[in-house]
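What follows is the residue order along each chain.
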Amino acid sequence: MVKRAKNLKIKPVQVIVIDRRDEDGELWGWAIRGKSEPVNVWLSNGNDLKKLDVGGRALCRISASLPDGVISAEVMKALPAPTIQKIFGKIDGNWLVPSDKRDRRQYKVVGGIDHQDGHLVVAGISRARQSSSIEVEVIEVLGHFGSVAAIAPLTLAEGGIPTEFPDDALNEAENAKAPRLDKYRTDLRKLPLVTIDGEDAKDFDDAVFAEPDSMFSGGWLVYVAIADVSSYVSPASALDREAKKRGNSVYLPGKVVPMLPEALSNGWCSLVPDEDRASLTVRLQIDAEGHLKSYKFIRSLIRSHARLTYTDVQAWIDGDRDKIPVFLHPQVDNLVRAYSTLAAARKRRGTLDLDIPERRAILHEDQNLVKSIAERSMTEANKLIEEMMILANVATARAFSSLGTTGIFRVHDEPDRARVEALAQILKGTPAELPEKLRTLEPNDFGKILQIIKGQPYEETVKEQVLRTQSMAIYDLTNIGHFGLALQNYSHFTSPIRRYSDLMAHRALIACFELGPDGQALSDLPKAEDTAQHISETERRAQMAERRAHERYVAAYHEQDINKELIGRITGISKAGLFIRIDGSGGDAFVPVSLMGSERFDFNAASTTISSRRTGQLFALGDQCLIRLLEASPHTGSLLGELIRQITSYNLGSAKPNGDKSTRFSKKPVNSKTKSGIRNKLKRRKI
């Protein structure tokens, strides 16, 4: 006799967790039966049955017990998988030491997959009792703490950055074919375009060419050819879904997590020399003053004539022409001269140029040791490509604005007033002191500050404070301009291999100018504004991962310096202590107040200083200090030191206003209501 569900003492409707598939592919889970042991249930039918897999959950109706004793259930609704709170850290005996240096909680390891002392792991909270510790189970082992190679997977896992492509996306990439000429694609293969990148670059997404313009005396025609990713990644395809989810590529030392599979990023979408490649090319006309006079977007077939490096081109700029093949001398000469015109226009425009050196970790070949922390500044060769990319990005934004179509803009709001006031406090008593009632600053005002403090011992400190004053650049469909570049129209067009925003811009341009059937107007893109917010957030996620990884590599590099004396300068101050940036590596060591000496200190938030109660000794931003390094923790990226002595002090932020040292800066009125409303909207997004 068949038993009905009501006679089985089983709650007739309940959530079932699916735990297995049988040999026929059928799904099974467990149902609760009164106070007895759970009973195995076969999920036999239901509209959402195809959406489920092992590990999933479903709201089910227990229907009947079949003649062979099997209990069946009908799927009413597939439910999202339960969220497991993940903790990342290092195994230390029966405890997990969290990798987040701000986390002071205690985690007791009570099970999970096999692990060993010293492993870097991902753990899930299994139970949080009313006690001082939280119980966790290990769900993934990332590597051993003693190996630098574990830093990248730890950082990527923390950020929730996907590292594996789904099979359908990989299949689409592998099935990509060589581009062909058609009625939408112009043959530009004879145009002597060249790529200019770093020595270690593996993908080349832009190529450039310049020649004098016959229409404008002293003017130039500049061609910027960008890989036509849109011809391989169709809207709503598996590749598109994955690219949108990732938002951008992520670059860590020795590790790249690309937005697109390698078959595209390093293959068909990389503008390698002497190979036909699909391109979206923009022809840019500038006059002798560097003003953009006209632009034309061309769907094209190109062929890069050479792969040059920044080192090669910088050598040319410095007068050494032997590194450039003779047949390319005219092209490189034209590129350098066109760049000079653009650079002069940038200077007149008053663009904010901080020129803060970039530091990166250099790993040994096996990636198990940090060889050095290298400093890399922007050379003129780097700036040459940057200026031509900016020009192409401006043309893209102008196209959206002039056509009255929805565009994806790269917007950068002016600095928040509170940040400007904080900077003004730091500059008090210096030659760059600001007027008392200054309401806001223009980009060229920041340029004046940087010029005035150039060569001063506190120059780097002021540069960092100017950087901290700036708002965050984001993607938006509403154009409020780009403050830092002093441009009213700016977008991102030049890196569709590694930024989804650029792919969106390409599709919109193709639709606007009728360059093919595979375009997509942003007005036709579902939830385009949400996508703009999403890719702003994935950009932040990538930046955070890159910063956290760098902190960890720097800490690993400084393990050799435990108990050594190191010189650095104060870059941050709180009531808890000092943050000292170590000379050379740029690592930030924290010196707590308890390790500054036996006396008591007072923190002044207004001037961002700490002073001794007994001696009155003042510690301010930019002061040079000698510390002893006590700890270096690669798994948290933290450095701990004790203060030996203050070497030099400039009293930044502590001096009284001095009118004679003030510099003239523009007193711009408060923004219009429209722009304020946009800013408030952006703030509400918390990007």
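None of these values were measured; they are calculated from a predicted model. Every chain is numbered independently, its residues counted from 1 as its sequence is written. For this predicted model, a pLDDT threshold of at least 70 governs which residues receive local features, and a threshold of 80 or more governs which side-chain atom pairs are given and counted, while totals over whole chains, interfaces and linings are taken from all residues. As a rule here, side-chain values cover all heavy atoms of the structure and leave hydrogens and water aside.

Colleague: Requested: an account of the overall build of the chain, with residues and values cited.
Modeller: A tally of helices and strands in the chain yields 13 helices and 31 strands. By the burial criterion, 49% of the 687 residues in the chain qualify as buried. When checking whether two residues touch, look at their non-hydrogen atoms; a contact exists if any pair is within 4.5 Å. The long-range fraction of contacts in the chain, counting pairs at least 24 apart against all pairs at least 6 apart in sequence, stands at 67%. Of the roughly 33,200 Å² of accessible surface on the chain, a fraction of 48% belongs to carbon and sulfur atoms. Starting at the N terminus, helices and strands are each numbered in turn, a helix being any DSSP run of H or I of at least four residues and a strand any DSSP run of E of at least two. Only protein chains enter the calculation, and the probe is 1.4 Å; a residue is then buried if its accessible area is under 20% of its type maximum, exposed if over 50%, and partly exposed in between. For accessible areas, the Shrake-Rupley method is used with a probe of radius 1.4 Å. Any residue's cover is judged against the shown protein chains and nothing else.

Colleague: Lay out the pattern of salt bridges in plain terms, naming residues and giving numbers.
Modeller: One speaks of a salt bridge when a side-chain nitrogen belonging to Lys or Arg is within 4 Å of a carboxyl oxygen belonging to Asp or Glu. The full count for this structure, using the stated rule, is 41 salt bridges. A salt bridge links E539 to R410; the nearest nitrogen and oxygen atoms lie 2.8 Å apart. In this pair, E539 sits in helix α12 (residues 528–557) while R410 sits in strand β22 (residues 409–411), placing the two residues 129 residues apart along the sequence. Here the two residues E539 and R410 agree in accessibility, since each one is buried. Two residues, K463 and E460, come together in a salt bridge whose shortest N-O distance is 3.9 Å. Here E460 and K463 lie together in helix α10 (residues 459–469), a separation of three residues that amounts to about one turn. In this structure E460 comes out as partly exposed when scored by relative accessible area, which is 29%. Linked through salt bridges whose partners overlap, the residues forming this network are K101, R547, R548 and E551.

Colleague: If you had to explain the packing of aromatic side chains to someone new, which residues and values would you point to?
Modeller: Pairing of aromatic side chains requires ring centres within 6.5 Å, counting the rings of Phe and Tyr and the six-membered ring of Trp. Pairs whose planes differ by under 30 degrees are stacked, by over 60 edge-to-face, and all others tilted. For the coordinates displayed, the defined rule picks out nine aromatic pairs. Here F297 and F493 contribute two aromatic rings whose centre-to-centre distance is 5.6 Å and whose plane-to-plane angle is 70°, an arrangement assigned as edge-to-face. Separated by 196 residues along the polypeptide, F297 in strand β18 (residues 292–303) and F493 in the loop between β23 (474–476) and α11 (500–512) bring together distant segments of the chain. We note that F297, like F493, is buried. Here the aromatic cluster, defined as three or more aromatic residues joined through ring pairs, consists of Y295, F297, F493 and F513. When the NZ atom of lysine or the CZ atom of arginine is within 6 Å of a ring's centre and also within 35 degrees of its normal, the charge is said to sit over that ring. Lying across the ring of W316, R321 places its NZ or CZ 4.0 Å from the centre. Residue placement shows R410 over the ring face of Y475; its charged tip is 4.6 Å from the ring centre.

Colleague: Can you tell me about the packing of helix α6 (residues 329–349) against helix α7 (residues 380–403), naming the residues and giving the values?
Modeller: Helix-helix packing is characterised by the crossing angle of the two axes and by the distance between the axes. Packing of α6 against α7 leaves a shortest axis separation of 9 Å and a crossing angle of 70°. One element, α6, and the other, α7, form an angle in the roughly perpendicular class. Facing α6, whose interface residues are L335, V336, A338, Y339, L342 and R346, α7 presents E380, K383, L384, E386, E387, M388, I390 and L391. For this classification, Asp, Glu, Lys and Arg are treated as charged, while Ala, Val, Leu, Ile, Met, Phe, Trp, Tyr, Cys and Pro are nonpolar and the rest, including Gly, are polar. Of the residues assigned to the contact of α6 with α7, the class counts are nine nonpolar, no polar and five charged. Angles run from 0 to 180 degrees between N-to-C directions of axes, and those axes are lines fitted to C-alpha atoms, restricted for helices to the stretch in contact. Under this scheme an angle from 65 to 115 degrees is roughly perpendicular, one under 35 degrees roughly parallel, and one over 145 degrees roughly antiparallel; angles in between are oblique.

Colleague: Can you tell me about the side chain of D103, naming the residues and giving the values?
Modeller: Mapped onto the secondary structure, D103 falls in the loop between β7 (95–98) and β8 (106–112). Of the polar contacts made by the side chain of D103, one reaches the side chain of Y107; its length is 2.7 Å. Counting of polar contacts relies on pairs of N or O atoms within 3.5 Å, with two restrictions inside protein: one atom must be capable of donating a hydrogen and the other of accepting it, and residues adjacent in sequence are counted only when both atoms are side-chain atoms.

Colleague: Outline the sheet that holds strand β2 (residues 27–31), supporting the account with residue identities and numerical values.
Modeller: Read once around its circumference, the closed barrel built from five strands follows the order β1-β2-β3-β5-β4, with strand pairing classed as mixed. The sheet shows a mean angle of 55° between the axes of neighbouring strands, taken without regard to direction. Relative to strand β5 (residues 71–79), strand β4 (residues 57–65) runs antiparallel, the two being bridged by eight bridges. Bridged to A64 within β5 is S72. By definition, two strands form a pair when at least two bridges between them are found by DSSP.

Colleague: So what about the pairing of strand β1 (residues 13–21)? Which residues, and what values?
Modeller: In summary, the side chains of a regular strand alternate between the two faces of the sheet. Examined bridge by bridge, β1 and β4 share five bridges and lie antiparallel to one another. Note on β4: the bridge partner recorded for V17 is R57. Connecting β1 to the next strand, β2, in antiparallel fashion are five residues, including G25 with a positive phi near 85°.

Colleague: Which residues make up the sheet that holds strand β27 (residues 601–604), and what are the values?
Modeller: The sheet built from three strands is open, its strands ordered β27-β28-β29 with antiparallel pairing. Whereas interior strands pair on both sides, the edge strands pair on one side only; in this sheet they are β27 and β29 (618–620). Neighbour-to-neighbour, the strand axes of the sheet open up by a mean angle of 20°, direction not taken into account.

Colleague: Provide a residue-level description of the packing of α7 against α11, including the pertinent values.
Modeller: Following both chains from N to C, one finds α7 and α11 inclined at 45°, their axes separated by 11 Å at the closest point. Relative to α11, α7 is oriented oblique. The handedness of the crossing between α7 and α11 is left-handed. Here T396, A399, F400 and L403 of α7 lie close against α11, whose contacting residues are A505, A508, L509 and C512. Crossings are assigned a handedness: left-handed for a near helix turned anticlockwise from the far helix by less than a right angle, right-handed for a clockwise turn.

Colleague: Talk me through the environment of R548; I want residue IDs and the actual numbers.
Modeller: Summarising the element assignment, R548 is placed in helix α12. The buried category is assigned to R548, whose relative accessible area is 12%. A sequence separation of 65 residues divides R548 from F483, and the C-alpha atoms of the two residues are 27 Å apart. Setting aside residues up to four positions removed in sequence, R548 forms contacts with S99, K101, T155, E158, T636 and G637. Only 3.2 Å separates the side chain of R548 from the backbone oxygen of S99, close enough to count as a polar contact.

Colleague: Go over unusual backbone geometry, please, and point to the residues and values.
Modeller: Residues apart from glycine generally show negative phi values, whereas peptide bonds are mostly found in trans. If you check the backbone angles, A236 has positive phi at about 70° while not being a glycine. Phi is positive for E514, close to 55°, though the residue is something other than glycine. The residue E514 is located in the loop between α11 and α12 in this model.

Colleague: Can you lay out the nonpolar core for me, pointing to particular residues and giving the numbers?
Modeller: Among buried residues, those of type Ala, Val, Leu, Ile, Met, Phe, Trp, Tyr and Cys that are joined through side-chain atoms within 4.5 Å constitute a nonpolar core. Ranked by size, the top nonpolar core spans 91 residues in total, and within it I196, V224 and M388 carry the most contacts. When residues in this core are grouped by element, the largest group, 13 residues, is from α7. Apart from the residues within four sequence positions on either side, M388 is in contact with V208, V222, V224, L335, A338, Y339 and L342. Counting 58 residues, the second largest nonpolar core, distinct from the first, contains I161, A361, I426 and A589.

Colleague: Tell me about the confidence of the model for the chain, and please be specific about residues and values.
Modeller: Across the chain, pLDDT averages 88, with 92% of residues at or above 70. Note that residues 1–6 has pLDDT below 50 and, in this model, 10 contacts with residues that lie over four places away or in other chains. Note on residues 656–687: pLDDT is under 50 here. Beyond four places in sequence and across chains, it has 66 contacts. Predictor confidence is given residue by residue as pLDDT, running from a minimum of 0 to a maximum of 100.

Colleague: How would you explain α11 if you had to name every residue and give the values?
Modeller: Each helix should span, by expectation, one fewer than its residue count multiplied by 1.5 Å. With 13 residues, α11 should reach 18 Å at 1.5 Å per residue; the first-to-last C-alpha distance of 18 Å fits that figure. With 11 of 13 residues buried, α11 is to be regarded as a mostly interior element. Looking at α11, one finds that the buried residues are Y500, S501, D502, L503, M504, A505, H506, R507, A508, L509 and I510. The positive-phi residue at the C-terminal boundary of α11 is E514, with phi of around 55°.

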